[in-house]
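Coordinate analysis (summary)
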Amino acid sequence: MARIVVIGSGVSGAHAALTLLERGFAVELWDVGGSEEAFPEPVATFHDLKSRLLDPVAYFLGSDLRALVPPAAPELMRYPPSRQFLVSERHALWGFTSETFVSYGSFARGGLANGWGANVLSFDENDVADWPVSFDEMQAAYKTVCARIPIAGPSDDDLSPYLREVSPSQPAVELTATDKRLLRNYARRRTGLNRDGVSLGRARLAVVTDPAREDACCYCDRCLWGCPRASIYNPAISTLTQCHGHGGFRYRSKRFVVALLASGGRVTGIRYLDTETSELREEACDVVFLAAGALQTGAIFLRTLKQVRPDVAPETDGLMDTAFVKIPYLVLGSIGQPHESRAFQFNRLILGLIGAREGWPRYLHCELLHLTSLIYHPLIERIPLDSRLSRRLFFSLKSALGAASLFFPDKLTSHNRQILLDGPGRWENVRLHYAETTEKEDYIRTGVRRVQSALGKLGCLVREPVRSPPGAALHYAGTVPMGRGFKRCDSKGRSNLFANLYIADGAAFPSLPSKSLTLSLAAHATRVALAARF
Amino acid sequence: MAVLFPLWQIDRKEYDAICAYLELTPNAELFGRLSAHLANAPFHFPCPEGFSRFLAELRLTRFRVARLDYFTKLWSPNHPLRHALNGVVALHECDAAGYRELAAGATGRAVFPQLAVWVLEFLLRVGLTVPWLGWQAIRYTLLMPFRPHSSLASRRVLITGVSRGLGMDIMLECLERGANVVGVVRDAESLARVRALLPVESPVFLLNADLARPGELVAALQAAQVQPASIDIAVLCAGVKHDGESALALASLRKTLEVNCLSAAEFAAWFAKQNAESHPASNPSLQPSTGSRMQSAPPDRGVRYEPRSLVLISSMGRWHGMHGSGGYNASKAALSIWGESLDMELRQSSDPRFAVIVVEPGMFESDMTQRTTLTKLLFVSRRDVARRIISGVLAGRRSIRPPAWFALLTWGVCLAGRGFRYRLFARVKASRKE
């Protein structure tokens, strides 16, 4: 039997492996396999932890206070130091550099899905209009992954036409009073807002909410700090457990894949670093599914390309990222509302902006997050009043505060790409070359203005937007995109250069819609694994 | 943690003042964490300049915190007070009791009258702040010509004798101004002590060399691959004093001369010789450092070449003899005269390489001075002496004698003749024995 190796245990790798196993193949899944420490106090709320933990400062800010955001820093929050799944430039194995692009990845089992904001959205024909893909195939794959992932949400609302492939299987998460107020405001002005191309609805979230289930969400308000009851979907927990139920599955961790070995238009093996012994090793294989995340997949592909085609510039055909803008706002009618001690921390509402703008998908995704629990000092410091009044104002207005997160789509350009660097190391690092186009900047400005106007109509006082640097939203794609040319793959994810190599993650996307990626990554991996022939 | 960087760190009373202003109950454990956090601030954030720095030097009281808070938020977002206020809020929000205090406030309709009161209070604070800031601006205008300050950002300073006393204070002053430091201590025990004292992120490279042994300092620098061209300022501060010993105690005299004077000559010879070989004017690939530790800086970053300095820490004692301190005073006299001669020699050449600055501090808190009635009156803060030395070096002065009044007093005593000096210093010696 052919030796099939899936590289990466994130949402793409896990769903590719499970699909192959369900087709009856034996599958090996390789990853670095890091894990996080257990999240403490499974039922305690975010604020309860402050009295229950022995050292809450170390938990919330880190023992060296590295999550303390300095006064003049641009960011509004830092990732919880207690979460260990994320790696960046500071990690020895993270071989990406850039002056303009902040890059993150994960060496943990489950990959970046460990930090998924749980928003479940599906692409539609419009989102993938320029993809060389039959949408019927994608629909079938969405159906399969929706059955694997618990989805909490309404069966029908104004966003349903844009999320047709999402089928909720769990009751929608509970809303806070401010969420409900916004929905009421929306209902009152719905006709006008719809005319402006604005739809407000409840988020579809990958979380177990059915109280009959043991792992149901307890609204502890700690989603960002790591769901202590595993209510939020994580491929490392549920999908890999399903994989282990198949006799042909073999999970091999502590393997950081550097490159593939290839000859005669076929991949013949894998070169990897044994992270336990720090030795570089090689193993033969017959079929490879690359699902290491768009950045790593691109890097592995480039190192392989350099071996077989030294005459070609070792650069990818693309690199895409969703530009990320936050717009703080205040729901005027919610001022003075008491704080709610239990809530679902991630966004519970979604604002969809509908409106054709030539060359871009019709749906622009915006998540409305109302503050329930967070580390607040950067927000207090940002208020342009003295600290005493800022502190008092902030906590008086907290239940009325919100932030709209806008995700802008991206397209392949000849400028944005990964470039393999020469270097003295054991393998080559990769430079990420990225800049926004003037056309996209204009699109971002228009999108921000539309959201500000919509929030105003919903009874909110809106503040200036905060733009994150490229890469900060962690939505990367298009490093080995579908299309023509030997640096690309076909519509079924098969590499145009190597007949037995499949691009099972977002690296294969030839454009990047605004919608949250994760469900579509799972669907793409499933579709690729279903269509693969060997 | 001790307050090493008074510009950035706050002491317990200042922390209490901030807590009172923010309506929080002080918490000793949180204060300890804040203090350790702020001790690393000089290595991450730019040193405030001008009026902002002048305000940062004020001791914090509740009144001053209220005055400075809004001003710094609007005009100086990286001001040390902002880090302290932000740090207090960040730490207290992680604590259950602290969070309850922070989040306390009315709900429902009662919020609106409360907001109105808070806004009025805020306006009152602004009303008080404007004239106070005006007064501080006048003080700043009047005082700053006498308190020049320059940044040492991106510059590397070598300092000997950093394990205690003036050497330690000069090192802390340099670190607070953004320098990165190569510190020399006598032995491994001192090295461990200094390392334990400094914040973990301090850009300090410590070397171990006993200056009483000829050639050991230069050997240690060479062994650590410290290139002289990477050092912008060398402050030779290490010194020994054998109090109460006869001027005829030859072993002590030799050791004193070796540490206090001859080691400086050895270092300068190496410094000058190496500079001749690798001076930036003749070899542009060897430029002064720009903030990276030791030899990690790439050679061709095209940084601006700054004038370089050799700073010799002598003493006002070099102007006269003294009971029981003859060797020390003689060694400092030799150091001052030799330093001046070296400077003349270098200035005469077409390629001066570096300036030699002779520092002759007067009375200040030191491990080598004893606290007597007289010295208590004459003391100036050791950190203040360090500040004046570094400011003087950066202002391009060739001789620095802090405090000035003590230099005038010393010269007055010298002019009064040997008989007067004999009687005066005999009385000082007698008062020390008491």
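By convention here, each chain's residues receive numbers from 1 onward along its written sequence. In the order they appear in the text, chains get letters beginning with A and ligands get numbers beginning with 1. Reporting in this predicted model follows two pLDDT cut-offs: at least 70 for local features of residues, and 80 or more for side-chain atom pairs to be given and counted; totals over whole chains, interfaces and linings ignore these cut-offs and use all residues.

1. Comments concerning the overall build of chain A
- Per the convention used, a helix needs a DSSP run of H or I reaching at least four residues, while a strand needs a run of E reaching at least two, with both numbered from the N terminus. Counting secondary structure elements, chain A contains twelve helices and 24 strands.
- Atoms considered for the radius of gyration are the C-alpha atoms alone. The globule rule reads 2.2 Å times the number of residues to the power 0.38. Expected size for 534 residues packed as a compact globule is a radius of gyration near 24 Å; at 23 Å, chain A falls within 12% of this value.
- When the backbone C-alpha atoms are referred to their principal axes, chain A occupies close to 70 × 55 × 45 Å.
- Partly exposed residues are those whose C-beta has more than 12 but fewer than 20 other C-beta atoms within 10 Å; with 20 or more the residue is buried, with 12 or fewer it is exposed, and the C-beta atoms are placed from the backbone. Here chain A, with 534 residues, has 54% of them falling under the buried criterion.
- Contact between two residues is assigned when their C-beta atoms, built from the backbone, lie within 7 Å. Residue pairs in contact within chain A that sit at least 24 positions apart in sequence constitute 73% of those at least 6 positions apart.

2. Overview of the overall build of chain B
- The helix and strand inventory of chain B stands at 16 helices and seven strands.
- Taken over 434 residues, chain B has a buried fraction of 39%.
- Taking the intrachain contacts of chain B between residues at least 6 apart in sequence as the baseline, contacts between residues at least 24 apart amount to 69%.

3. Focus on the domain arrangement of chain B
All names here are of chain B.
- Delimitation of the domains relies on an automatic or database domain assignment. Partitioning chain B into domains gives domain 1 (12-146) and domain 2 (156-433).
- The interface of domain 1 with domain 2 comprises five residues on the first partner and eight residues on the second.
- In this classification, Asp, Glu, Lys and Arg are treated as charged, Ala, Val, Leu, Ile, Met, Phe, Trp, Tyr, Cys and Pro as nonpolar, and every other residue, Gly included, as polar. Among the residues making up the side of domain 1 that touches domain 2, the classes are represented as four nonpolar, one polar and no charged.

4. With respect to the nonpolar core
- Core membership is restricted to buried Ala, Val, Leu, Ile, Met, Phe, Trp, Tyr and Cys residues, and these are joined into a nonpolar core through C-beta atoms within 7 Å. Counting residues in hydrophobic clusters, the biggest one holds 257 residues, and the most contacted among them are Ala 17 and Leu 290 of chain A together with Ile 18, Val 311 and Leu 312 of chain B.
- The residues that make up this core include at least three from each of domain 1 (12-146) and domain 2 (156-433) of chain B.
- When residues no more than four places from it in sequence are discounted, the contact partners of Ala 17 of chain A are Val 6, Val 27, Leu 29, Cys 243 and Phe 249 of chain A.

5. Focus on the sheet that holds strand β9 (residues 266-274) of chain A
All names here are of chain A.
- Here three strands make up an open sheet; going across it, the order is β8-β9-β10 and the pairing antiparallel. The sheet terminates laterally at β8 (255-263) and β10 (279-284), the two strands that pair on one side only. Each adjacent strand pair in this sheet contributes to an overall mean axis angle of 25 degrees, direction not counted.
- Following DSSP output, two strands are said to pair if at least two bridges run between them. Taken together, the six bridges between β9 and β10 define a ladder with antiparallel strand orientation. Across the sheet, residue Tyr 272 finds its bridge partner in β10, namely Arg 281. A fitted line through C-alpha atoms serves as each axis, taken over the contacting stretch for helices, and the angle formed by two N-to-C directions is quoted from 0 to 180°.

6. Remarks on the packing of helix α1 (residues 11-22) of chain A against helix α12 (residues 518-531) of chain A
All names here are of chain A.
- Packing of α1 against α12 brings their axes to within 8 Å, and their N-to-C directions diverge by 35 degrees. Like other packed secondary-structure pairs, α1 and α12 cross with a definite hand, here right-handed. Every residue of α12 that contacts α1 at Val 11, Ser 12, His 15, Ala 16, Thr 19 and Leu 20 is listed here: Thr 518, Leu 521, Ala 522, Ala 525, Thr 526, Val 528, Ala 529 and Leu 530.
- Residue composition of the contact of α1 with α12, by class: nine nonpolar, five polar and no charged. Two helices cross in a left-handed way if the nearer one is turned anticlockwise from the farther one by less than a right angle. They cross in a right-handed way if the turn is clockwise.

7. What to know about the confidence of the model for chain B
All names here are of chain B.
- Of the residues in chain B, 88% reach a pLDDT of 70 or more, and the chain-wide mean stands at 86.
- Each residue carries a pLDDT score, the predictor's own confidence in it, on a scale running from 0 to 100. Note on residues 276-305: pLDDT is under 50 here. Beyond four places in sequence and across chains, it has 46 contacts.
- Reported for the predicted complex are a pTM of 0.85 and an ipTM of 0.87.

8. As for the sheet that holds strand β2 (residues 180-185) of chain B
All names here are of chain B.
- If you trace the seven strands from one edge of the open sheet to the other, you get β3-β2-β1-β4-β5-β6-β7, paired in parallel fashion. Of all the strands in the sheet, the pair left with one neighbour each is β3 (204-208) and β7 (399-400).
- Across five bridges, strand β5 (residues 309-313) lies against strand β6 (residues 355-359) in parallel orientation. Residue Val 311 lies in a different strand from β6, and its bridge partner there is Ile 357.
- Helix α12 (residues 326-348) rests against β5 and β6 of the sheet, and its axis sits at about 160 degrees to β6.

9. Re helix α7 (residues 111-143) of chain B
- For a helix, the expected span equals 1.5 Å multiplied by the number of residues minus one. Counted at 1.5 Å a residue, the expected span for α7 of chain B with its 33 residues is 48 Å, and the 46 Å between its end C-alpha atoms agrees.
- Counted residue by residue, α7 of chain B has zero buried out of 33 residues, so it is predominantly exposed.

10. Brief notes about the environment of Tyr 328 of chain B
All names here are of chain B.
- In this fold, Tyr 328 is placed in helix α12.
- On the neighbour-count criterion, Tyr 328 (25 C-beta atoms within 10 Å) is buried.
- As a C-alpha pair, Tyr 328 and Ser 315 span 13 residues in sequence and 9.2 Å in three-dimensional space.
- In this structure, Tyr 328 is in contact with Lys 241, Thr 256 and Gly 317, ignoring residues within four places of it in sequence.

11. Focus on the environment of Gly 265 of chain A
Residue and element names in this part refer to chain A.
- Of note, Gly 265 is situated in the loop between β8 and β9.
- Residues Gly 265 and Leu 497 lie 232 residues apart in sequence; the distance between their C-alpha atoms is 6.1 Å.
- Here Gly 265 is in contact with Leu 497, Phe 498 and Ala 499, once residues within four sequence places are set aside.

12. A closer look at the interface of chain B and chain A
- Contacts between the two partners involve 34 residues from chain B and, on the opposite side, 31 residues from chain A.
- Listing elements by their share of the side of chain B that touches chain A, those giving two or more residues are α1 (12-22), α2 (28-38), α4 (62-75), α5 (80-93), α6 (96-103) and α7 of chain B.
- The biggest single contributor to the side of chain B that touches chain A is α5 of chain B, with nine residues.
- Among the residues forming the side of chain B that touches chain A, the class breakdown is 18 nonpolar, eight polar and eight charged.

13. Brief notes about the packing of α4 of chain B against α5 of chain B
All names here are of chain B.
- One can describe the packing of α4 onto α5 by two numbers: an axis separation of 9 Å at closest approach and a directional angle of 105 degrees. Here α4 lies roughly perpendicular to α5, going by the angle between them. In contact with Leu 68, Asp 69, Thr 72 and Lys 73 of α4, α5 contributes Leu 81, Arg 82 and Leu 85. Any angle from 65 to 115 degrees is called roughly perpendicular, while one under 35 is roughly parallel, one over 145 is roughly antiparallel, and all others are oblique.

14. Topic: helix α10 (residues 387-397) of chain A
- Buried residues dominate α10 of chain A, accounting for eight of its eleven residues.
- For α10 of chain A, the complete set of buried residues consists of Ser 387, Arg 388, Ser 390, Arg 391, Arg 392, Phe 394, Ser 396 and Leu 397 of chain A.

15. Some thoughts on the pairing of β9 of chain A
Residues and elements named next belong to chain A.
- In terms of strand pairing, β8 meets β9 through eight bridges, oriented antiparallel. Each bridged residue has a counterpart across the sheet, and for Phe 256 the counterpart in β9 is Leu 273.
- With antiparallel pairing between neighbouring strands as the criterion, β8 and β9 make up a hairpin whose turn holds two residues, including Gly 264 at a positive phi of roughly 60 degrees.

16. So, the pairing of strand β15 (residues 363-370) of chain A
All names here are of chain A.
- Taking burial as the measure, the eight residues of β15 include seven buried ones, the bulk of the element.
- Pairing geometry for β15 and strand β16 (residues 401-408), over six bridges, is antiparallel. Along β16, the bridge assignment pairs Leu 368 with Ala 404.

17. A few points about the environment of Phe 289 of chain A
All names here are of chain A.
- Along the chain, the position of Phe 289 falls in strand β11 (residues 287-290).
- Considering only alpha carbons, one finds Phe 289 and Gly 13, 276 residues apart in sequence, at a separation of 7.8 Å.
- When residues no more than four places from it in sequence are discounted, the contact partners of Phe 289 are Val 6, Ile 7, Ala 16, Tyr 502, Ala 504 and Ala 529.

18. A look at unusual backbone geometry
- Cis geometry marks the peptide bond from Pro 402 of chain B to Pro 403 of chain B, where omega comes out at -10 degrees.
- In this fold, Pro 403 of chain B is placed in the loop between β7 and α15 (404-415).
- Phi at Leu 65 of chain A takes a positive value of approximately 55 degrees, unusual for a residue other than glycine.
- Inspection of the secondary structure assignment puts Leu 65 of chain A in the loop between α3 (56-61) and β3 (86-87).

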